[in-house]
Each structure stands twice: as C-alpha cells, then as structure tokens.
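# Descriptive analysis of the structure
Next come the chains, spelled out residue by residue.
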Amino acid sequence: MADYPTALGASTPTSITLLGQDLATDVMGEVGFGELAFWLATQRRPAPGETRVFEAVLAALADHGFTPTAIVTRLTYLSAPDSVQGALAAGLLGGGSRFLGVTEDCGRFLHDVVAACDPVPADEAGWDALALETVRGWRESGRRVPGLGHHVHKDGDPRTPRLFQIAREEGLAGPHLSLFAAIGRVHPAVLGRTLPLNGAGTCGAALADLGLPLELLRGFALLARTAGLIGQLAEELRRPVANEIFLSVDLNNRSVPPEPNGGSHG
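Nothing here was measured: the structure is a model prediction, and the numbers come from that model. (Residues numbered from 1 in each chain as written. Predicted model: local features only at pLDDT ≥ 70, side-chain atom pairs only at ≥ 80, totals over all residues. Heavy atoms only, no water.)

### Considering the environment of Ala37
Position of Ala37 relative to the elements: it lies in helix H2 (residues 33-42). Look at Ala37 and you get buried, because its relative accessible area is 11%. Along the primary structure Ala37 and Ile245 are separated by 208 residues, whereas in three dimensions their C-alpha atoms are 35 Å apart. Ignoring any residue separated from it by four or fewer positions in sequence, one finds Ala37 in contact with Phe54 and Leu223. (Helix = DSSP H or I, 4+ residues; strand = E, 2+ residues; numbered from the N terminus. Buried < 20%, exposed > 50% of the residue type's maximum accessible area, 1.4 Å probe, protein only. Contact = heavy atoms within 4.5 Å.)

In structure tokens:
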C-alpha cells in the first residue's frame with residue numbers, strides 16, 4: 001500500500017485531526033484564522049506577537065480599493081453570477097509583479113541581501129551603508145528596487161509606519177525590516193528623488209522577519225486579498241458598479257484602422 005505522510009488534516013470515522021490537534025475540540029473556537037494560517041504554513045504554533053504581526057500584514061493586504069484585481073472580480077461575477085469561485089479566482093490570478101506580488105518580490109530581494117551579509121550590520125549606520133551599496137548596485141544594473149514607490153500614496157503609504165510600529169512593539173523588527181527602513185532613508189541620494197516605502201513591500205519584509213517560507217509570501221498576500229475580494233463581491237450585490245464599468249468601456253470604444261504585425265512594433 002502507498003503511504004502518504006502528512007502532519008496536516010487527517011480523518012477517521014469518528015475524529016478529525018489537524019496539526020496533531022483534535023479539530024473539533026482543540027482548534028474550532030480556540031484558534032483564530034490568522035493564527036491557524038501561520039501554524040499551517042510553519043507547522044509550529046506562533047507566539048502571540050507573531051500572530052499580531054502576521055494578522056496586521058493580512059489586514060494591510062486585504063483590500064485597497066478598485067484595483068485591477070477587484071475590478072476583474074466584479075466584472076467576472078457580472079458575466080457569470082453562478083460562479084463565485086470563478087470571480088474570486090479571476091481576481092487572485094491578477095496578483096503579480098504590479099499588485100500583490102510586490103510582497104514576495106520585496107521579501108526575496110531583502111533576504112538575498114541579508115543572507116549575503118556576514119555579519120549583519122549592528123547599528124543604523126551599518127544598515128544605511130549596506131542599503132546605499134544595494135540601491136546603487138540595483139540602479140547601475142537598471143533594475144527597480146522592489147517596494148519603493150506607490151501610484152496613490154506619493155508622500156507615504158500609511159500602512160508602512162504602522163507595520164514597523166507593530167513589529168517593533170512585538171520585538172519582531174528583524175534584519176529585513178531594518179534593511180528596508182535603511183533603503184527608505186538612503187535611496188534619495190542615489191535616485192535623486194524620494195519615493196515611499198509601500199505597504200506591500202513592508203509586508204514582505206515583515207513576513208520574512210517572521211521566518212515564513214519565501215516561496216509562500218505571495219500566497220499570504222493572496223490569502224489576505226481573498227477576504228477583500230469577498231468583500232468586493234458582497235458590495236457588488238448591495239451596490240453594483242460592474243455593469244457601469246462594462247458599459248463605460250463598451251459604449252465609448254473608438255474604432256481605429258488595423259495595425260498589421262503590431263504596427264511600428266512589428
């Protein structure tokens with residue numbers, strides 16, 4: 001017989017276990033969903049401070065208005081109201097390098113820098129020096145530093161200082177947040193302008209400091225956004241706008257001549 005070991009959910013005719021706990025008596029009504037999500041990913045129960053930081057990240061990423069992910073969720077539901085799962089999936093599939101994926105990209109970027117540094121800086125001046133070297137290197141290679149800039153919050157993302165505050169209060173502001181904060185201080189000297197540290201990037205730094213798997217950072221962003229997209233659908237039921245969005249495009253299209261082979265880009 002094949003053997004498929006798992007420390008997650010398992011069932012017998014009379015019981016269900018999850019992470020070695022009895023689901024009905026030890027988990028349901030006893031463990032919050034954010035705590036459980038952390039526990040499932042790490043297979044260790046988080047400390048209260050870790051849960052607070054993790055849930056703050058989930059709250060920060062849950063919803064950010066009429067983003068492409070929210071719009072496509074509402075439009076998909078307009079087209080297929082019989083498929084809530086399709087509407088949610090459509091929104092989640094839009095989590096990439098411009099929206100939501102920044103959380104993973106920034107966490108990986110910071111981790112690569114920190115992992116190559118032995119020992120890590122011991123004070124703010126050391127972090128600033130490392131950040132300056134890092135930003136210069138990325139600038140010279142023509143790459144954009146993940147987590148810098150926001151299309152709305154030009155003068156500062158309100159999520160960012162709050163996440164730093166919570167992590168510091170819980171003693172969980174580690175090397176990734178330290179490096180990211182330093183990047184925020186030194187990048188104007190390299191780029192010649194000041195950009196905000198965006199909330200998605202700060203979330204990536206915070207998750208990396210919690211020791212969560214880098215490969216799953218985008219997954220946590222999608223977990224958070226799932227709640228937001230359910231909220232978008234609930235509001236669409238109460239106050240629909242998807243049909244208006246659709247008609248504003250459909251009734252205002254402009255016919256142009258065909259461009260064989262992509263026009264000048266062919």
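### A short note on the sheet that holds strand E2 (residues 16-18)
If you walk across this open sheet you meet the three strands as E1-E2-E3, and the pairing is antiparallel. What marks the edges here is a single partner per strand, and that holds for strand E1 (10-11) and strand E3 (21-22). In this sheet, E2 lies alongside E1 in antiparallel orientation, the contact comprising two bridges. Note on E2: the bridge partner recorded for Ser11 is Ile16. (Pairing = 2+ DSSP bridges.)

### Focus on unusual backbone geometry
For the peptide bond that leads from Asp118 to Pro119, omega is 0°, which places it in the cis range. Checked against the element boundaries, Pro119 lands in the loop between helix H6 (101-115) and helix H7 (124-140). Positive phi, close to 60°, is recorded for Gln43, a residue that is not glycine. On the accessibility criterion, Gln43 (47% relative accessible area) is partly exposed.

### Observations regarding H7
Each α-helix winds once per 3.6 residues, and so residues spaced three or four apart point in a common direction. Between its first and last C-alpha, H7 extends 24 Å over 17 residues, near the 24 Å set by a 1.5 Å rise per residue. Along H7, the positions that sit buried rather than exposed are Trp127, Asp128, Leu130, Ala131, Thr134, Val135 and Trp138. Down the axis of H7, the buried side of the element spans an arc of 165°, and every buried residue falls inside it. For H7, the exposed residues set more than 90 degrees away from the buried face come down to Ala125, Glu133 and Glu140. In this fold, the buried residues of H7 make contact with H6 and helix H9 (175-191). Downstream of H7 by a residue or two, Gly142 has a phi angle that is positive, lying close to 80°. (Expected span 1.5 Å × (residues − 1). Arc of directions from axis to C-beta.)

So far we have only geometry, and geometry alone does not tell us how the molecule works.
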